[in-house]
Amino acid sequence: MINFKKATLRYDSGISVRNLDFSIEGDEFVYIYGPSGSGKSSILKMIYMDLFPNEGEVLVFDQNSSSAKRREIARVRQQVGMVFEGFKLLADRDNYCNIALPLEIQGMKADDVHSRVVRLADDLGIRSRLHHFPQELSGGEQQRIALARAMITSPKILLADEPTAHLDSKASTDIMEWLWKIHQKGTCVIFATHKEHFLKQEPARTISLIAGEIVADSA
Amino acid sequence: MKLNYIIREGVIGIRRARMPFMISVFSVMIALLMVGIGILAVDNGLQYIGNFQADYDLEIFLENGATLGDKQEISDIITGNPGIIRMDYLSKEDAAALYNAEFGEDVLSLLDDNPLPSSFRVTFDDEHRNGSYIQLFINTMEMTRSVDEVIFKKDLFERIQGILKSIYIAAAAALFSIILSTVFLTANNLRLMILSRYEFIEAVRLLGASDFMVKAPFFLEGGLLGFLGAALATLCIFGLETALAYFNIIDLPVRIVNHPEVIVGLLIFGISLASLGVLKAVRRMLRFVA
């Protein structure tokens, strides 16, 4: 599903990641683990084709990111859910509209959108928050809204970039539980974190990074 | 359903960015007001100068012995030329009456006989009112029997033609600069409007929206914005013209209501300017967005 073939990403200020060579299959839960600045976010950005390798190749759903056209990138992103450290929710619309947005972009009928949003909100325990605005919620709730938005299209891959960074331990545990539940339903989850305790709590394949290089892969 | 999304996001976008939208409508309105007033000012100026131009272009004086048949023949020759929009015959008596009106003297009381010749006054249409054509016409007439002299008010004609030409050039240059500054002014405002929507554009791109789905609502917004700006500009011009006439300041010969093509032109210009300006701004932003 995801293939990194000797991929190197070089910024003007220096190298971000080098010589990445690994594959991730559709049924995996993978931690990308490393300290700040080790290249975790760069890997996720290369998967959702926001960044492109200077050397080597990155293939997602067999689509080579270096040769993908904008239309093809959009199509890949429709199959990839993303949860960010800063949530990236739109403050000018309520939570319902935030969650519904990916379905509306894909042209789904309003009735179907409504039933899917409500069902998912029920699952995540955020139904009562649907008509609030993101800034009216706690960090944990906002992250659940972001998770709902990422999951609403039933993506094949879910990327989570330090989703618990700004959350307290209770909210972090909740989010982790949700990510595992989502994985158990068949979604490939890639979780970037610098917190070691998650790896011990819920062990899974771990790709460890230091200064942009893979130093261990427990696959 | 995608159309629903586009329309709804377009309308929602306007509601959410009310202030930048209104500022952009206002800037398009000001810009088109300048263009509209410029066009009408030039049109009115040309009309005024056109009125100032003599009622006729040249006068063909006949010999005293010209018979009725000669006059008929000359009349036929004149009207047989293309580009003549008016021909007036002035008999010797008409000429005497004109002399009387102009100089306050009765020419018949000074002289026993009326020495003033009869004549034809000829006016050309705009297409044929040029030096070479008129000179050709004069040559033909001078060779015609019973024609004594052809007087062409060349100096006045050339001066007015010169003024008209200068006005055309100046007006074209002024309009071009107005349109150019309009495009820059509006594009800048639209860019600011789009900049305020950066978060939305970034979010929908990350959620898998194609370029078309990102741009389409903005294109719609731009079209609406341009239409409103142009409609307001047209209303302002109409109000201004009405006020000028109502307060007896000046009664303009050319008004915007008499020129639907100017109204349609302003609307098309406004809509295209704003929607394309918005598209350009979004396209530029997409280069920096994920």
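Residues numbered from 1 in each chain as written. Chains lettered and ligands numbered in written order. Predicted model: local features only at pLDDT ≥ 70, side-chain atom pairs only at ≥ 80, totals over all residues. Heavy atoms only, no water.

Enquirer: Teacher, can you tell me more about the overall build of chain B here?
Expert: Broken down by element type, chain B carries 10 helices and 4 strands. Moving toward the C terminus, one meets the helices and strands of chain B in the order α-α-β-α-β-α-α-β-α-β-α-α-α-α. For chain B, the residues scored as buried account for 43% of the 290 residues in total. Across chain B, contacts joining residues at least 24 apart in sequence account for 82% of those joining residues at least 6 apart. For chain B, the exposed surface amounts to about 15,800 Å²; the carbon and sulfur share of it is 64%. (Helix = DSSP H or I, 4+ residues; strand = E, 2+ residues; numbered from the N terminus. Buried < 20%, exposed > 50% of the residue type's maximum accessible area, 1.4 Å probe, protein only. Contact = heavy atoms within 4.5 Å. Areas by Shrake-Rupley, 256 points an atom, 1.4 Å probe, with all protein chains shown as cover.)

Enquirer: Sorry if this is basic, but what is going on with the nonpolar core here?
Expert: Looking at soluble globular proteins, one finds that nonpolar side chains tend to be buried together. In terms of nonpolar packing, the biggest core is built from 43 residues, with Tyr5, Ile194, Ile201, Val204, Leu225 and Val282 of chain B touching the most fellow members. Elements that contribute at least two residues to this core include exactly α3 (95-105) of chain A together with α1 (2-16), α2 (18-52), α7 (154-195), α8 (198-206), α9 (211-246) and α10 (260-286) of chain B. If we skip the residues at most four places from it in the chain, Ile201 of chain B touches Ile194, Val214, Phe218, Val282, Met285, Leu286 and Val289 of chain B. Grouped together as the second largest cluster of nonpolar side chains are 39 residues, Ile145, Met151, Leu158 and Ile175 of chain A included. (Core = buried A, V, L, I, M, F, W, Y, C linked by side-chain atoms within 4.5 Å.)

Enquirer: Would you explain the sheet that holds strand β8 (residues 188-193) of chain A in this entry?
Expert: Strand pairs in the sheet, formed through backbone hydrogen bonds, run parallel or antiparallel to each other. Residue and element names in this part refer to chain A. Spatial strand order, β6-β7-β8-β3-β9-β10: 6 strands in an open sheet with mixed pairing. Looking along the sheet, the strands with just one partner apiece sit at the ends: β6 (80-83) and β10 (213-217). Put simply, the sheet's adjacent strands are angled 20 degrees from each other on average, direction ignored. With 4 bridges connecting them, β6 and strand β7 (residues 157-161) associate as parallel partners. Note on β7: the bridge partner recorded for Met82 is Leu159. On the sheet, helix α5 (residues 139-151) packs against β6 and β7 and is oriented at approximately 170 degrees with respect to β6. (Pairing = 2+ DSSP bridges. Axes fitted to C-alpha atoms, helices over the stretch in contact; angles between N-to-C directions.)

Enquirer: Just checking my understanding: could you explain a nonpolar patch on the surface for this structure?
Expert: Taken together, Leu3, Ile7, Val11 and Leu220 of chain B make up a surface patch of nonpolar side chains, about 350 Å² in accessible area. With 3 residues, the top contributor of residues to the nonpolar patch is α1 of chain B. (Patch = residues over 30% accessible without salt bridge, like charges linked within 9 Å, V, L, I, M, F, W, Y side chains within 5 Å. Salt bridge = Lys/Arg side-chain N within 4 Å of Asp/Glu carboxyl O.)

Enquirer: I keep staring at the interface of chain A and chain B and nothing clicks. Help me out?
Expert: Many descriptions give the size of an interface as the accessible area lost when the pieces come together. In this complex, chain A contributes 22 residues to the contact, which on the side of chain B involves 21 residues. Of the roughly 2,100 Å² buried at the junction of chain A and chain B (both faces included), carbon and sulfur atoms supply 57%. Three residues stand out in chain A for area buried against chain B, namely Arg70, Arg77 and Ile105 of chain A, and they jointly supply 32% of the buried area on that side. The tally of links from chain A across to chain B stands at 4 salt bridges. Arg93 of chain A serves as the salt-bridge partner of Glu9 of chain B, at 2.9 Å between the closest nitrogen and oxygen. Looking at the side of chain A that touches chain B, the elements that each hand over two or more residues are α2 (70-77) and α3 of chain A. Broken down by element, the residue count for the side of chain A that touches chain B peaks at 4 residues, all from α3 of chain A. For the side of chain A that touches chain B, the class distribution of residues is 10 nonpolar, 3 polar and 9 charged. (Buried area = accessible area lost by both parts, 1.4 Å probe. Nonpolar A, V, L, I, M, F, W, Y, C, P; charged D, E, K, R; others polar.)

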